[in-house]
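The chain contents come next:
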Amino acid sequence: MTALYEDYVIITAPPLCAGYLMVSMEPLPPVVMGDTVTLKCNFRTDGELREIAWFQVDEGGNTKQKIFTYDAAFNSSHAHREDTPEQLVYHSTVRLPEVQMEDNGLYECHVSVYDGGSPDLLLLGSDSTALTIIVPPRSISVEAANSPAPFSRYEAQNFTLVCMVSGAKPAPVVYFKRDGELIDVLPTVQSSSKTSVASSSEQKWAPNQTEQWSLRVHTKWDLDDTKLQRSQSLLDQEGKLAGQDSPELTEEEETDSEPEPTTEVIPETVVSREFPRWVQSTDPLYYFQHWQQATGDGTTDVKAMLTWSLNPQLDNEALFSCEVKHPALSMPMQAEVTLTAPRGPKLTVTPTEAKVGDTVRIAVRGFQLGPSATEVFPEPMFTWTRVGGLLLDGREKHEGRELVLERVPAELNGSMFRCTAQNPLGSTDTHTRLIVFENPKLKKGKENFIVISAESSRRSLSFTSMLLMLRLTCELT
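The rules behind the values
Residues numbered from 1 in each chain as written. Predicted model: local features only at pLDDT ≥ 70, side-chain atom pairs only at ≥ 80, totals over all residues. Heavy atoms only, no water. Disulfide = S-S within 2.5 Å. Helix = DSSP H or I, 4+ residues; strand = E, 2+ residues; numbered from the N terminus. Buried < 20%, exposed > 50% of the residue type's maximum accessible area, 1.4 Å probe, protein only. Core = buried A, V, L, I, M, F, W, Y, C linked by side-chain atoms within 4.5 Å. Pairing = 2+ DSSP bridges. Axes fitted to C-alpha atoms, helices over the stretch in contact; angles between N-to-C directions. pLDDT = per-residue confidence, 0-100. Contact = heavy atoms within 4.5 Å.

Participant: Looking at this structure, how should I read the state of the cysteines?
Facilitator: Should the sulfur atoms of two cysteines be covalently bonded, the bond is a disulfide. Using the criterion set out here, one finds two disulfides in the structure. Covalently, cysteine 41 is tied to cysteine 109 through a disulfide, its sulfur atoms 2.3 Å apart. Across the S-S bond linking cysteine 41 and cysteine 109, the dihedral sits near -85°, which makes this disulfide left-handed. Pair noted here: cysteine 41 is in strand β4 (residues 37–45) and cysteine 109 is in strand β8 (residues 105–114), with a separation of 68 residues, a long-range link. Judged by its relative accessible area of 0%, cysteine 41 falls in the buried class. Across the disulfide from cysteine 163 sits cysteine 322; the S-S distance is 1.9 Å. Linking cysteine 163 and cysteine 322, the disulfide has an S-S dihedral of approximately -75° and is accordingly described as left-handed. Of the two residues, cysteine 163 sits in strand β12 (residues 158–168) while cysteine 322 sits in strand β20 (residues 319–325), which places them 159 residues apart along the sequence. Comparing cysteine 163 with cysteine 322 shows no difference in burial state: the two are buried.

Participant: Where do I start with the nonpolar core in this structure?
Facilitator: Soluble globular proteins tend to bury their nonpolar side chains together. If you look at the biggest cluster of nonpolar residues, it comprises 28 residues, and the most contacted ones within it are Cys41, Phe43, Leu49, Trp54, Leu96, Val111 and Leu131. Of all the secondary structure elements, the ones that give two or more residues to this core are β2 (21–25), β4, β5 (48–57), β6 (64–71), β7 (87–96), β8 and β9 (122–131). Ala144, Phe176, Phe320 and Val337 belong to the second largest nonpolar core, which has 27 residues in total.

Participant: Before we go on, may I ask you to explain the pairing of β12 in this structure?
Facilitator: It is a general feature of regular strands that their side chains alternate between the two faces of the sheet. Burial analysis of β12 places nine of its 11 residues in the buried class, the great majority of the element. Pairing geometry for strand β11 (residues 139–144) and β12, over six bridges, is antiparallel. In the strand pairing of β12, serine 139 is matched with serine 166.

Participant: Please explain the sheet that holds strand β18 (residues 287–294) as it appears in this structure.
Facilitator: Sheets are built from strands paired through backbone hydrogen bonds, the pairs being either parallel or antiparallel. An order of β11-β12-β19-β18 is seen for the four strands of this open sheet, with the pairing classed as antiparallel. Each edge of the sheet is formed by a strand with only one pairing partner; in this case those strands are β11 and β18. Between one strand axis and the next, the sheet turns by 15° as a mean value, whatever way the strands run.

Participant: I tried to follow the confidence of the model for the protein on my own but got confused; where do I start?
Facilitator: Atomic detail in the predicted coordinates should be set aside for any region of low pLDDT. Considering every residue of the protein, the mean pLDDT works out to 74; 63% of them sit at 70 or more. Confidence over residues 188–271 falls short of pLDDT 50; this stretch has 141 contacts with residues more than four positions distant or in other chains.

So this is what it looks like as structure tokens:
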């Protein structure tokens, strides 16, 4: 830390009794880290100034570090007295540029003057002030707990938003909003067995002594008939695409009833969407939990969780935001997420013209939600299946954003692959057909060359090498 002494100003004041010295430091408001701070020390005396010393005191108060000294003996312009002593007021300032966390603490101003009545005596005085450094949050983020998670059409499921705020001092105030409106919370007493939503990775967060759980019933948007009607209209329109005209038909029966790939009539891309088959009869209750955890650098990390019973018909496309208020911020800091059900994954096939023996990759590159919403929140689960058969490796399904088919045989030509994307708000299927062309590099009828095992390949290579060496030996002799 570099302390810069600016100057001190002499102001005449009414005379007091001889031998008088009074020192006082002006209090400081909280200072944002990185700002420049000016410490100011005022002292009144009738004597002649001898020395001003500034100290930074550690947290325990046992040690002091001198940051600046002014010796009046080396400054003749200010080290003089008039014949008639006058009461003088001095202002001494020290500037601390770009303060950091280590500059936080107590600062003292020590003054010594010659006694006006007895010039051989020194009068000593001191005062202190506290410098409080505040730090705005470094980052804020919102994520969904236990994500990715499957979608259930038959029962309601709890949903939790987690807001993470890191690197703040003091701890910020965290709250949630829905569609721009504050979610008011009322403190309630809940048992941990009923309301605990912390996962194993969250156990390291120690709750506050006054653990806060709260709830609130929305009376404005919960009864939004317009949104409910719109969701129901989507159910009527898109439910037909998902084959939901017969609610009794289960997902297993749908798979069993599909024709074989050789005889089915399916467009190149088919998109279907599922909506819940249950209706929430009561308004949701919102539960709020809050933790604070001190870090090694003196700042505090905050974690807030909002839990409620998810209703996809009402919550789909709802905007939730986590906002933070902090004295170092001129306006709240926020992170926003829009709850969105997956709709129409965009699939890409590489290479575009696959040949026998190629490695084919079918990947999800986004969703058909418009140019500004290529991703879905919460993160969806992706499941790949082959319509009417098993995958190339013999499995029934594969999970992940990408399906890799290594050394595709000609038998896969025309096969239909289904990608199912689902999150707690909904589920959607997209089908794509794989077209496999003949590979001119492979001899006709020798397609089984591509399935030669690695051991056989190594043996064939060794045998070929031996033949070449034998031929070379014969030619040399």
